[in-house]
Amino acid sequence: MGKTLLQKVWDLHTVRRLPTGQTQLFVGLHLIHEVTTPQAFDMLRARRLTVAFPDRTFGTIDHIIPTLDQARPFRDALAEAMLSALERNCAEFKIPFWNLDSDRQGIVHVIGPELGLTQPGMTIACGDSHTSTHGALGAVAIGIGTSQVRDVLGSQCLAMDPLKVRRIVVNGRLGAGVFAKDVVLEIIHRLGVQGGVGYAYEYGGTAIDRMSVDERLTICNMSIEGGARVGYMNPDQTTFDYLRGRPFAPAGAAFDRAVSWWRSIASDPDAHYDDVVEIDAAAIEPRVTWGINPGQSVGVSERIPLAADGGSAAATPASRTDAVAEALEFMGLRGGAPIRGIRIDVAFVGSCTNSRMSDLREAARVAKGRHVAPHVRALVVPGSQAVLAAAEREGLDQVFREAGFEWRGAGCSMCLAMNPDRLEGQEVCASSSNRNFKGRQGSPTGRTLLMSPAMVAAAAIAGEVTDVREVLAPAGA
Ligand code: SF4
């Protein structure tokens, strides 16, 4: 019987089986940032260890940086302390570090693929939940906590429980105005936010095959929101074309050799899967979350569920009613009301889910020639310096500014609000980020509606949740 990509990569990186039943995995690439590393480096020093493979470790700054005034020292003393610690640690342990003045700086999950650091067949670790993003290029990418960051710094290894593999097949064509974000929100809604616990998600099918790497990154990014620690696509020609010419990708004959190897680690046609789920792409419409976890979403033409109906098909009957009631109360929404027409205060296009060029292009297509509603504060935050520069070369910044959006510097911004970009009070935010948990965007009572970047732009202009398909449809159509 054939093997899945997960099994192949896992086997190739196994150092040994541990008495606990876990596997000691070698980590090919370790990406670090300012939030989960200060304590990890301190623990390393306390044990008189050094960084085992500084040449396999790369640092950037993303979560805490202001996207407006980046003058040092930052006004936020804690943010300044985190950046200073990362600067010191990278200098001491000779780790390449892309600081604010580097054209390679950006959100860690945006720059890894963009620089060609992320490659098929790798094991990748990073002290951030959304490390699953990198699986879009055929890597096994694992989000880890601070003590595991210490382990990887000191040994380049990670102790991992075995994972089952669920293949999620999305066949058919997405309709106009329906994007990768809608696909992954649909998947999480169907399978539940805990549905992927213990699994790696392998995404395939004709709709996934047709997607660009940017779109695949969006899907893998949110695997963790469905409970799957790892999500990946098998590498294909789209992957190879994306990687060719990137700074850290192999070049010349080495690239061709790498392609042969990358092809070989894709799942075999007769691989065994622990579960298979099939989804019809044509049936997916733009989705919007109405609740306090990413599984609580509906299609834009649908109504918010009643508490008695439950919100996710995968939740247990007992928990569904309570969970929906709690979410509706927090969000200030009425069960049974249409999702369309919910008034918003803030619109945010950004985050490691949706801050790449294709995301900004789709949002700009909606914004062009239109204007943000007077009561809405709208931000566009590129995921990296490279995205920012490319967008400005294409004139997207101008499109956004003319439409009344703020054009900001690269960073995590309002996704997590560990920086000055935050919701105030009970503001409602149309957001292209990945989490709608209570308090996620900075205000303990702030309300987040997750959707695609094009849907965010449409909401910014309408001042309320609206259907981007109608905004983009030709007049009279
Ligand atoms: S954009 Fe959000 S989810 Fe992504 S790394 Fe930054 S804070 Fe984490």
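All of these numbers come straight from a predicted model, not from anything done at the bench.

1. Comments concerning the packing of aromatic side chains
Here is step 1 of the chain: Throughout the structure, instances matching the rule amount to 10 aromatic pairs.
Here is step 2 of the chain: Ring centres of F58 and F248 lie 5.3 Å apart, and the angle between their planes is 75°; on these two criteria the pair is classed as edge-to-face. With F58 in strand 4 (residues 57-60) and F248 in the loop between helix 9 (237-243) and helix 10 (253-264), this pair connects stretches of sequence that are 190 residues apart.
Here is step 3 of the chain: With relative accessibility at 31%, the residue F248 sits in the partly exposed group.
Here is step 4 of the chain: On the basis of an interplanar angle of 65° and a centroid distance of 6.0 Å, the ring pair of W98 and F248 is categorised as edge-to-face. Of this pair, W98 sits in strand 5 (residues 97-98) while F248 is found in the loop between helix 9 and helix 10, placing the two residues 150 residues apart along the sequence.
Here is step 5 of the chain: Taken together, F58, W98 and F248 form an aromatic cluster joined through their ring pairs.
Here is step 6 of the chain: One Lys or Arg, R72, reaches over the ring of F74 and ends 5.5 Å from the middle of that ring.
Here is step 7 of the chain: A cation over a ring is seen here: R246 above Y242, with NZ or CZ 3.8 Å from the ring centre.

2. Details of the sheet that holds strand 2 (residues 23-26)
Backbone hydrogen bonds hold the strands of a sheet together, and the pairing may be parallel or antiparallel.
Here is step 1 of the chain: Pairing within the open sheet is antiparallel, and its 3 strands lie in the order 1-2-8. The strands lining the two open edges of the sheet, one partner per strand, are strand 1 (14-17) and strand 8 (157-160). When strand polarity is set aside, the average angle formed by the axes of neighbouring strands in this sheet is 20°.
Here is step 2 of the chain: As paired strands, strand 1 and strand 2 are joined by 3 bridges and run antiparallel to one another. If you follow R16 over to strand 2, its bridge partner there is Q24.
Here is step 3 of the chain: Of the strands in this sheet, strand 1, strand 2 and strand 8 touch helix 1 (residues 5-12), which is tilted by about 85° from strand 1.

3. A few points about the nonpolar core
Most often, soluble globular proteins keep nonpolar side chains buried together rather than apart.
Here is step 1 of the chain: Core analysis: the biggest nonpolar cluster contains 57 residues, and W290, I344, L360, F400, F405, L449 and M451 have the highest contact counts within it.
Here is step 2 of the chain: Put simply, the parts of the chain that give this core at least two residues each are helix 11 (317-331), strand 15 (346-349), helix 12 (357-367), strand 16 (377-380), helix 13 (385-394), helix 14 (396-402), strand 18 (428-431) and helix 15 (453-462).
Here is step 3 of the chain: The element best represented in this core is helix 15, accounting for 8 residues.
Here is step 4 of the chain: Ignoring any residue separated from it by four or fewer positions in sequence, one finds F405 in contact with A367, V372, A378, L379, V380, F400, A457 and A460.

Reading the values: rules and limits
All residue numbers here refer to positions counted from 1 along the written sequence of the relevant chain. In view of the model being predicted, local features appear only for residues whose pLDDT reaches at least 70, and side-chain atom pairs are presented and counted only at 80 or more, with totals across whole chains, interfaces and linings using the full set of residues. Hydrogens and water are ignored here; the side-chain numbers use all heavy atoms of the structure. Stacked, edge-to-face and tilted are the three classes for Phe, Tyr and Trp ring pairs, Trp counted by its six-membered ring, which pair at centre distances within 6.5 Å; planes under 30 degrees apart are stacked, over 60 edge-to-face, the rest tilted. Only DSSP runs of H or I with at least four residues qualify as helices, and only runs of E with at least two residues qualify as strands; both kinds are numbered from the N terminus onward. Each residue gets one of three labels from its accessible area relative to the maximum for its type: buried under 20%, exposed over 50%, partly exposed in between, using a 1.4 Å probe on protein chains only. Any Lys NZ or Arg CZ found within 6 Å of a ring centre and within 35 degrees of that ring's normal is scored as a charge over the ring. For two strands to be treated as a pair, DSSP must find no fewer than two bridges joining them. Axis lines are fitted through C-alpha atoms, for helices just across the contact stretch, and the angle between N-to-C directions can take any value from 0 to 180 degrees. By definition in these notes, contact holds between two residues if any of their heavy atoms fall within 4.5 Å. Joining through side-chain atoms within 4.5 Å is the link that ties buried Ala, Val, Leu, Ile, Met, Phe, Trp, Tyr and Cys residues into a set, and such a set is a nonpolar core.

Keep in mind that these numbers describe shape and distance, not what the molecule does.
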